[in-house]
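A closer look at the structure
Read off the chains here:
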Amino acid sequence: MKVKVQTLDAAEKGDIELNDEIFGLDPRADILHRVVTWQLEKRRGTARGTRERADVARSGKKWGRQKGGGTARHGDRRAPVFIGGGKAHGARVRDFNPSLNKKIRALGLKMALSSHAKAGSLIVMDSLVVENGKTKVLAGNLEKLGFGKKALVIDGDTVETTFALAAGNLHQVDVLPAIGANVYDILKSDTLVLTRAAVEKLEARFNG
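Residues numbered from 1 in each chain as written. Predicted model: local features only at pLDDT ≥ 70, side-chain atom pairs only at ≥ 80, totals over all residues. Heavy atoms only, no water.

Concerning the packing of helix α2 (residues 29–43) against helix α3 (residues 102–119)
Across the interface, α2 lies against α3 with an axial gap of 9 Å and an inter-helix angle of 115 degrees. Taken together, the axis directions place α2 and α3 in an arrangement best described as roughly perpendicular. α3 is crossed by α2, and the crossing has left-handed handedness. When α2 is examined against α3, the residues I31, L32, R34, V35 and W38 are found in contact with a partner set consisting of I104, R105, L107, G108, M111 and A112. Of the residues belonging to the contact of α2 with α3, the class tally is eight nonpolar, one polar and two charged. (Axes fitted to C-alpha atoms, helices over the stretch in contact; angles between N-to-C directions. Helix = DSSP H or I, 4+ residues; strand = E, 2+ residues; numbered from the N terminus. Parallel < 35°, antiparallel > 145°, perpendicular 65-115°, else oblique. Left-handed = near helix turned anticlockwise from the far one by under 90°. Contact = heavy atoms within 4.5 Å. Nonpolar A, V, L, I, M, F, W, Y, C, P; charged D, E, K, R; others polar.)

Quick notes on the packing of α3 against helix α7 (residues 196–207)
Each pair of packed helices can be described by the angle between their axes along with the distance between the axes. Axis separation between α3 and α7 bottoms out at 11 Å; the angle between their running directions is 150 degrees. Judged on the interaxial angle alone, α7 and α3 are roughly antiparallel. Judged by the sense of rotation from one axis to the other, the crossing of α3 with α7 is left-handed. Contact with α3, carried on its side by A106, L109, K110 and L113, involves L202, R205 and F206 of α7 and no other residues of that element. Partitioning the contact of α3 with α7 into residue classes produces five nonpolar, no polar and two charged.

Things to note about the sheet that holds strand β5 (residues 173–176)
Across the sheet, which stays open at both edges, the six strands sit in the order β2-β1-β3-β6-β4-β5 with mixed pairing between neighbours. The open sheet has two free edges, formed respectively by β2 (12–17) and β5, since each of these has just one partner strand. Taken over all neighbouring pairs, the strand axes of this sheet differ in orientation by 30 degrees on average, direction set aside. Inspection of the sheet shows strand β4 (residues 151–154) paired to strand β6 (residues 191–195) by four bridges, in the parallel sense. When the bridges of β6 are listed, V153 appears paired with V193. (Pairing = 2+ DSSP bridges.)

Looking at the pairing of strand β3 (residues 122–125)
When a strand is regular, its side chains alternate between the sheet's two faces. Both faces of β3 are covered, namely the face carrying L122 and V124 and the face carrying I123 and M125. In terms of strand pairing, strand β1 (residues 2–6) meets β3 through two bridges, oriented parallel. Across the sheet, the residue bridging to V5 is V124, located in β3. When β3 meets β6, the two strands line up parallel, connected through four bridges. Within the sheet, the bridge partner assigned to I123 lies in β6 and is V193. (Buried < 20%, exposed > 50% of the residue type's maximum accessible area, 1.4 Å probe, protein only.)

Focus on the domain arrangement of the chain
Taken as a whole, the chain is organised into domain 1 (2–45 + 100–207) and domain 2 (46–94). The C-alpha centroid of domain 2 is placed 55 Å from the C-alpha centroid of domain 1. (Domains from an automatic or database assignment.)

Observations regarding the side chain of T7
Mapped onto the elements of the fold, T7 is located in the loop between β1 and β2. According to the relative accessible area criterion, T7 is buried, its value standing at 18%. The residues touching T7, leaving out its near neighbours within four places in the chain, are K13, M125, D126 and L145.

The structure is reproduced here in structure tokens:
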């Protein structure tokens with residue numbers, strides 16, 4: 001698959017050949033759904049477990065006599081009404097980290113990339129250097145390129161510093177290095193922007 005390479009000034013700078021095994025697959029909703037669900041579940045934080053009545057180390061001896069004491073008939077000091085007693089209906093540790101086969105995760109990422117390639121919303125850039133790192137300059141460039149409402153820009157090992165500075169105030173532009181490419185962020189973006197370096201890194205990631 002051949003895609004035109006552009007510059008931030010909307011000028012063409014040759015073509016690039018994309019690997020069909022990565023960018024030319026037919027996306028499957030079931031695979032993408034499994035990967036996105038796994039990714040979002042993995043993000044969830046777990047509560048710190050509290051000690052309930054059975055977890056508190058206190059005497060199990062009956063606190064006082066059943067009748068005549070003038071107080072409630074407690075069985076022991078572990079009751080939640082006492083200081084140092086167990087927590088009633090406390091938070092419990094839950095596991096939100098389901099496992100997913102690496103092959104399925106890799107296939108999901110390929111299909112997410114392919115979905116943008118097939119929809120024509122994939123843009124390949126030669127570089128992301130922005131003059132003086134100015135947001136105003138970048139905003140003008142984005143209007144020429146037609147990035148859409150929500151764009152995800154993926155660079156090589158690290159994101160170009162001037163572009164990251166200029167895009168910091170643009171809420172419609174998300175920026176990631178190639179190592180951070182993931183299915184959820186790719187699918188929720190209207191336009192996927194890859195640099196030449198990002199294409200090389202992604203293809204090496206799957207071929208390696």
